[in-house]
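Next come the chains, spelled out residue by residue.
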Amino acid sequence: TVAEGDYKVADLSLAGFGRKEIQLAEHEMPGLMALRREYAAAQPLAGARVTGSLHMTIQTAVLIETLVALGAQVRWASCNIFSTQDHAAAAIVVGPDGTPDAPSGVPVYAWKGETLAEYWWCTEQVLLWPDGQGPNMILDDGGDATLLVHKGAEFEKAGVVPAPETADSEEYAVILGVLQRSLEEDNRRWTRVSAGIKGVTEETTTGVHRLYEMQAAGSLLFPAINVNDSVTKSKFDNKYGCRHSLIDGINRATDVLIGGKAAVVCGYGDVGKGCAESLRGQGARVIVTEIDPICALQAAMDGYQVATLEDVVETADIFITATGCFDVITNEHMARMKHQAIVGNIGHFDNEIDMAGLAKRDDVERINIKPQVDEWRFADGHSILVLSEGRLLNLGNATGHPSFVMSNSFSNQTIAQIELFTKTDQYPVGVYTLPKHLDEKVARLHLDALGARLTELSKEQASYLGVPVDGPYKSDHYRY
Ligand code: NAI
């Protein structure tokens with residue numbers, strides 16, 4: 001139960017609204033609800049102290065309450081400054097049985113529109129438990145909680161934190177500031193926290209990328225499950241989720257008619273595929289940019305024009321980055337765009353669009369239209385519209401992916417937490433994906449709700465294919 005003062009959200013009086021939307025979402029999240037029923041008696045997460053850093057939305061609220069239903073203690077922050085839904089955060093703090101005057105839920109440190117300093121303070125708060133201990137599990141999205149623990153432990157070992165002035169970005173300077181203060185307060189804090197962590201389960205492509213880099217560098221401190229690469233995560237959330245939430249974000253931000261416009265999607269991975277389909281569904285002429293010949297060829301065969309940004313920067317109307325790369329749209333590109341071109345990013349970090357470079361130009365003026373929508377007017381009179389300051393627009397300008405698709409992602413998260421927490425000895429430090437039978441289980445949990453009826457293999461057919469009747473049905477290298 002949340003201790004007095006051990007939370008920070010925008011407004012607890014929003015909890016009633018949040019609770020109603022959580023109840024609606026539960027029906028749309030059959031995977032999570034099935035896991036609650038399956039594990040109600042066994043309580044596999046009893047003793048787990050989970051620190052979560054993942055967009056604090058209504059769907060995440062259902063995830064948090066699932067972890068609690070399985071026995072876990074939880075503390076939560078958002079993994080983006082704009083993605084929190086304040087009514088969801090309030091409802092989680094108040095809890096199903098509490099009131100705004102007497103909250104009895106879970107400590108949450110998250111509100112929509114944090115500054116970077118507030119964001120990293122929130123991340124720190126959820127990693128420091130009030131009893132002086134740390135978490136024993138992390139549930140991460142993008143790897144920021146994992147990063148803070150690793151950087152903290154690294155600098156404690158070195159005995160010094162680099163000066164924030166030496167940082168190569170505003171955000172890294174903030175992180176160094178947090179760790180500098182921390183080192184002064186307690187020079188073993190992050191070493192102890194990291195030693196207590198059994199593992200992390202990571203939600204997204206970019207966070208997983210960071211984990212493999214740490215593994216390769218030999219600096220990874222605890223085992224990790226790569227949830228993103230469960231088929232029922234990346235081939236569903238990244239694709240169908242973005243197919244839904246990309247245009248939701250563009251519409252809520254601008255209400256510009258998408259039909260007939262030329263829309264550029266940078267990156268044709270899982271996210272880019274969903275984005276391109278979403279824009280085409282609205283009647284846009286979609287152009288894809290890619291660096292990978294395989295994905296470029298896929299885009300071409302799916303019927304999209306494949307071009308370089310240089311080819312289309314002056315003529316297209318909408319630009320969306322979905323690469324996980326940096327400097328994909330530079331400030332020079334933005335200066336050359338058409339009047340009122342729309343620019344947004346749906347990849348995890350805000351460096352896909354060179355916002356820092358744009359802000360530094362002396363021939364451009366920023367005019368705020370409304371929260372998370374800015375007009376940037378150039379000296380020659382033309383302007384562009386930038387959504388969510390270049391941060392993921394589907395969560396900044398809209399409410400992220402809908403419940404049903406997140407039920408798939410979060411069922412994988414829940415199963416991954418149970419795996420790492422209960423079978424710690426089977427996972428030496430390294431990065432793992434869930435076994436295929438669990439991936440298939442997640443899909444199975446979602447078929448009934450869509451009225452989908454699965455064909456069963458006969459014994460003879462199964463032996464002809466060389467697979468068990470009950471699965472798994474595909475080899476690990478099958479790509480779906
Ligand atoms: P992915 O690796 O499947 O796709 C990225 C694609 O971008 C690749 O095909 C790559 O070749 C291409 N690419 C890389 N650099 C490029 C460049 N400079 N120009 C053009 N293309 C380039 O990754 P995925 O799963 O599609 O994720 C993309 C990003 O979206 C990641 O940062 C991920 O964390 C994030 N994400 C965001 C979600 C959201 O709700 N906003 C949901 C899921 C993932």
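For the structure itself, look to the data block above.
Residues numbered from 1 in each chain as written. Predicted model: local features only at pLDDT ≥ 70, side-chain atom pairs only at ≥ 80, totals over all residues. Heavy atoms only, no water.

Examining unusual backbone geometry
Moving on, step 1. In this structure, P472 follows G471 across a cis peptide bond, with omega equal to -5 degrees.
Moving on, step 2. Residue placement: P472 occurs in the segment after α20 (459-465).
Moving on, step 3. The phi torsion at Q43 lies on the positive side, around 50 degrees, for a residue other than glycine.
Moving on, step 4. Within the secondary structure, Q43 is located in the loop between α2 (30-39) and β1 (49-53).
Moving on, step 5. Residue E389 is not a glycine yet carries a positive backbone phi of 50 degrees.
Moving on, step 6. Tracing the chain through its elements places E389 in the loop between β14 (383-387) and α17 (393-396).
Moving on, step 7. Assessed through its relative accessible area of 25%, E389 is described here as partly exposed. (Helix = DSSP H or I, 4+ residues; strand = E, 2+ residues; numbered from the N terminus. Buried < 20%, exposed > 50% of the residue type's maximum accessible area, 1.4 Å probe, protein only.)

Quick look at helix α9 (residues 205-217)
Moving on, step 1. Here α9 contains 13 residues, and its C-alpha end-to-end distance of 18 Å stays within 8% of the 18 Å for a straight helix at 1.5 Å per residue.
Moving on, step 2. For α9, the complete set of buried residues consists of T206, G207, V208, L211 and M214.
Moving on, step 3. Of the surrounding secondary structure, the elements contacted by the buried residues of α9 are α6 (144-158), β5 (199-202), β6 (224-226) and β15 (431-432).
Moving on, step 4. Looking at the residues trailing α9, positive phi occurs at G218, about 75 degrees. (Expected span 1.5 Å × (residues − 1). Contact = heavy atoms within 4.5 Å.)

Observations concerning the sheet that holds strand β2 (residues 73-77)
Moving on, step 1. Spatially, β3-β2-β1-β4-β5-β6-β15 is the arrangement adopted by the 7 strands of the open sheet, whose pairing is parallel. Edge positions in the sheet fall to β3 (108-109) and β15, since each of these pairs with one other strand and no more.
Moving on, step 2. Inspection of the sheet shows β2 paired to β3 by 2 bridges, in the parallel sense. Considered in β3, the bridge of A77 is made with Y109.
Moving on, step 3. Of the strands in this sheet, β1, β2, β3 and β4 (137-140) are in contact with helix α5 (residues 116-127), which crosses β2 at around 170 degrees.
Moving on, step 4. In this fold α6 packs onto β1, β4 and β5, with an angle of close to 130 degrees to the strand it touches most, β4. (Pairing = 2+ DSSP bridges. Axes fitted to C-alpha atoms, helices over the stretch in contact; angles between N-to-C directions.)

A short note on the sheet that holds strand β7 (residues 262-266)
Moving on, step 1. Read across the open sheet, the 8 strands follow the order β9-β8-β7-β10-β11-β14-β13-β12; overall the sheet is mixed. Whereas interior strands pair on both sides, the edge strands pair on one side only; in this sheet they are β9 (305-306) and β12 (364-370).
Moving on, step 2. In this sheet, β14 lies alongside strand β13 (residues 373-378) in antiparallel orientation, the contact comprising 5 bridges. Note that in β14 the partner of E375 across the bridge is L385.
Moving on, step 3. Docked against the sheet, helix α12 (residues 270-281) engages β7 and β8 (285-289), running at close to 170 degrees with respect to β7.

Let's talk about the pairing of β2
Moving on, step 1. Within β2, 4 of the 5 residues are buried, which leaves it mostly tucked inside the rest of the structure.
Moving on, step 2. The pairing of β1 with β2 spans 5 bridges and is parallel. From the neighbouring strand, T51 faces β2, where its bridge partner is R75.
Moving on, step 3. Following the chain from β1 across helix α3 (residues 58-69) to the adjacent parallel β2, one finds a crossover that is right-handed. (Right-handed = clockwise from strand over helix to strand, strands pointing away.)

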